[in-house]
Amino acid sequence: MSLPDPHPVHEQLALFAGAATPPVATPPVAPLGAAARTAAYALVLALTVLLALWGAFLVPFRVSGTLVPVSWLLAVAGNVVLGTAGGRLYGRAGAVVPMLLWLVVALTLGSRRAEGDLVVPGSTTGLVFLLVGAVGGAMAFGWQVTRPPSPR
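Residues numbered from 1 in each chain as written. Predicted model: local features only at pLDDT ≥ 70, side-chain atom pairs only at ≥ 80, totals over all residues. Heavy atoms only, no water.

### Section: helix α4 (residues 124-146)
Moving on, step 1. If you check α4, its first and last C-alpha atoms are 32 Å apart, about what 23 residues at 1.5 Å a residue would give, namely 33 Å.
Moving on, step 2. Along α4, the residues that are buried comprise T125, G126, F129, L130, G133, G136, G137, A140 and Q144. (Helix = DSSP H or I, 4+ residues; strand = E, 2+ residues; numbered from the N terminus. Expected span 1.5 Å × (residues − 1). Buried < 20%, exposed > 50% of the residue type's maximum accessible area, 1.4 Å probe, protein only.)

### Side note on the environment of G55
Moving on, step 1. With respect to the helices and strands, G55 occurs in helix α2 (residues 34-57).
Moving on, step 2. In this structure G55 comes out as buried when scored by relative accessible area, which is 1%.
Moving on, step 3. A sequence separation of 15 residues divides G55 from V70, and the C-alpha atoms of the two residues are 8.1 Å apart.
Moving on, step 4. Here G55 is in contact with S71, L74 and F129, once residues within four sequence places are set aside. (Contact = heavy atoms within 4.5 Å.)

### Observations regarding the packing of aromatic side chains
Moving on, step 1. With the rule as written, the count across this model stands at 2 aromatic pairs.
Moving on, step 2. Ring geometry for Y41 against Y90: centres 5.1 Å apart, planes inclined by 80°, an arrangement best described as edge-to-face. Note that Y41 is positioned in helix α2 and Y90 in helix α3 (residues 70-109), a separation of 49 residues in sequence.
Moving on, step 3. Taking relative accessible area as the criterion, Y41 reaches 11% and is therefore assigned buried. (Phe/Tyr/Trp six-rings, centres within 6.5 Å; stacked < 30°, edge-to-face > 60°.)

Just geometry here; none of it tells us what the structure is for.
This is the structure we're talking about:
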């Protein structure tokens, strides 16, 4: 007579695949209240503005005369993270607003002022910065669209 196996099949597969311990069930996370959700979203939007400013000023970043495209990485990764965070807070609209806000700030910094000041140049580097930032925000929005709605 054999004893029943204490681990279900999926836990055995996880152990076989290299997991050190069987997966532990995590308790469900309590939903945020309306005030906390609004404050968290305001933080996402403030970080979006800072991300656009920081990235715009890093577009012409060079080390020993060699262009280092750190602004591209910052734009795409930051917009993916902030768009995903906004989407988790307010759904599809919450995911698209950070991308649009980022674009408004970045495009504003890419337009020449009356004094002739320009932060994001119309060069390939500046245009790629705008493109990858928009693509990062679109990726976050696309992931939000394909994600099943969560109860609020």
